[in-house]
Amino acid sequence: MGLRNRQQRNLRPPRYGSPSNESKSKRGTAPKLWGIAAGTVAAVTVAGLSLSVINNSNSGASGASKPTARPSASTDSRGSVDGGVPVGFPHTESGARAAAASFATVTGSSAVLTDKMARHRAISIMSTEVTASALAEEADRAAGQALIELRGDTKRLIRKQAIARTGVLSAQTVGFDFHKATVRLWTTAVRGNTAGHMPPKASFQTMTVNLVWEHNDWKVAGNSSAKGPIAPIDVRQATNAVADFSPYVPTGADDPVYTGALGANGFPAPYAHNEQGARGAATSSVMLFGDPRFFVDARWRHAMLGATVAPSALGSITSDSDSTARLVTENRGLGDDGKTPDGDPVVTRTAVLGSRFLSYSDQAASVEVWTASVGGIAGSDETQRPQVAYLRMVVDLTWVEGTWRATSVRPSEPLVPAPPTGEQAAPASGFADAGGVDNAPALA
């Protein structure tokens, strides 16, 4: 029945895409935030927030020549997916982060929340032998509470129309050694269904996951969770109509799969020459472009682009990226440490809620990625409080040099859930732990 109206600011940037139905025509202008996902990086202007789309519009454009990162024999081996459950994580800190993120994503999926048999199977795969039974009981209780959110205003839950997607915004390693690890996650979840009239609702949570190395894999030994910090949805984004979420029902899209597999250069190890590999490359791309290092560390930015972008697009994308990063750092006065002159850290994070193929072949793929991107300053100035934008990005990929690399990343229509009901957003300073290079989540 259309979209809920929200307050609009004076700055009205152009729409993404070309709306073609009533619900889209009522949607507000497209949002502009910092670090808004792969290829869409926001730069702050005097009037407000402006956007620079990194797109391979001129693959032959000249730019600073950057070396590409070729596959190395010392890369981590990638795990696999066992019935929707990622397994085989590297015996590294990145592998532990990936295992923790996968636990949050899998236990928050519609398949696990709505099917007890699938839930117990997933818990048995992800948990230690000693804790599996207790964690299954905890998961049953959590699923019972989640059913209220998934049902919305309908009398009964229709599983095939459920929306249950979880994205990981940050991962803080609390402790790590060869045998065990503790990782604290900041996540956002979107839950609801497309059968009723209420749009799915967003929520934010922190989850602490304890892991041990068992049977040559990271296994969950325990976990705890709490609310927040809650990021307000950017006021220029209007909640979508229920029907707009239909592409992200269980059969329409896949949850992100985190592997934590890194190459010798510290960026993603080569991806498999299949659909799962292409999804992983698209997922990592949007997360990397949302990293604060993209803006404040030119060496890291150039190395990242060399490791993830196709050679044909590298010159133009590097040039656009450098311009955008320079605009952001100059307007906000950010130093090399990612902080303002007052010592407040910049917070830019992009989480992936799900992905679906628009096209796929052995040599090229186009993947739509639904993202939640947070940007702002964690400090005393509440006017710069981090906000969240929910965007769909289209990542075009090509198979080159033994892996999937991006050739273009372009914005599509936003897909915005309803904000948390009756919950106050965290103060700007409450997001400090979400920023910083050490708290980046593991990659796909």
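Structure's up top.
Predicted model, so just to flag it, every value in this text is computed and none were measured.

What counts and how
Residues numbered from 1 in each chain as written. Predicted model: local features only at pLDDT ≥ 70, side-chain atom pairs only at ≥ 80, totals over all residues. Heavy atoms only, no water. 1 Å grid on protein atoms, 1.4 Å probe; cavity = no way out; pocket = protein on both sides within 12 Å on 5 of 7 lines; lining within 4 Å. Points joined across faces, edges and corners; volume = space filled by probe spheres on them. Helix = DSSP H or I, 4+ residues; strand = E, 2+ residues; numbered from the N terminus. Nonpolar A, V, L, I, M, F, W, Y, C, P; charged D, E, K, R; others polar. Phe/Tyr/Trp six-rings, centres within 6.5 Å; stacked < 30°, edge-to-face > 60°. Buried < 20%, exposed > 50% of the residue type's maximum accessible area, 1.4 Å probe, protein only. Lys NZ or Arg CZ within 6 Å of the ring centre and 35° of its normal.

Below, the discussion takes up empty space enclosed by the protein. According to the stated counting rule, one finds two cavities of 30 Å³ or more in the structure shown. For the largest cavity, the calculated volume is near 70 Å³. Lining of the largest cavity is provided by Pro-86, Val-87, Phe-89, Ala-99, Ser-102, Phe-103, Ile-125, Met-126, Asp-217, Trp-218, Lys-219 and Val-220. Looking at the lining of the largest cavity, the elements that each hand over two or more residues are strand S4 (85-87), helix H2 (93-107), helix H4 (116-126) and strand S8 (217-227). Here the lining of the largest cavity takes four residues from S8, the largest share from any one element. Of the residues contributing to the lining of the largest cavity, the split by class is nine nonpolar, one polar and two charged. In this structure, the second largest cavity encloses a volume near 40 Å³. Around the second largest cavity, the lining residues are Gly-79, Ser-80, Pro-86, Val-87, Gly-88, Phe-89, Val-257, Tyr-258, Thr-259 and Gln-276.

Further remarks concern the packing of aromatic side chains. Across all of its chains, the model carries twelve aromatic pairs by this definition. Aromatic pair Phe-294 and Phe-295: ring centres 5.3 Å apart, planes at 80 degrees, arrangement edge-to-face. Per residue, the accessibility class of Phe-294 equals that of Phe-295, and both read buried. Centroid distance Phe-357 to Tyr-360: 5.4 Å. Interplanar angle 70 degrees. Geometry classified as edge-to-face. These aromatic residues form a ring-pair network of at least three members: Phe-357, Tyr-360, Trp-399 and Trp-404. Arg-78 extends its terminal NZ or CZ atom over the ring of Tyr-271, reaching a point 3.9 Å from the ring centre. When the ring centre of Phe-294 is taken as reference, the NZ or CZ atom of Arg-301 above it lies at 6.0 Å.

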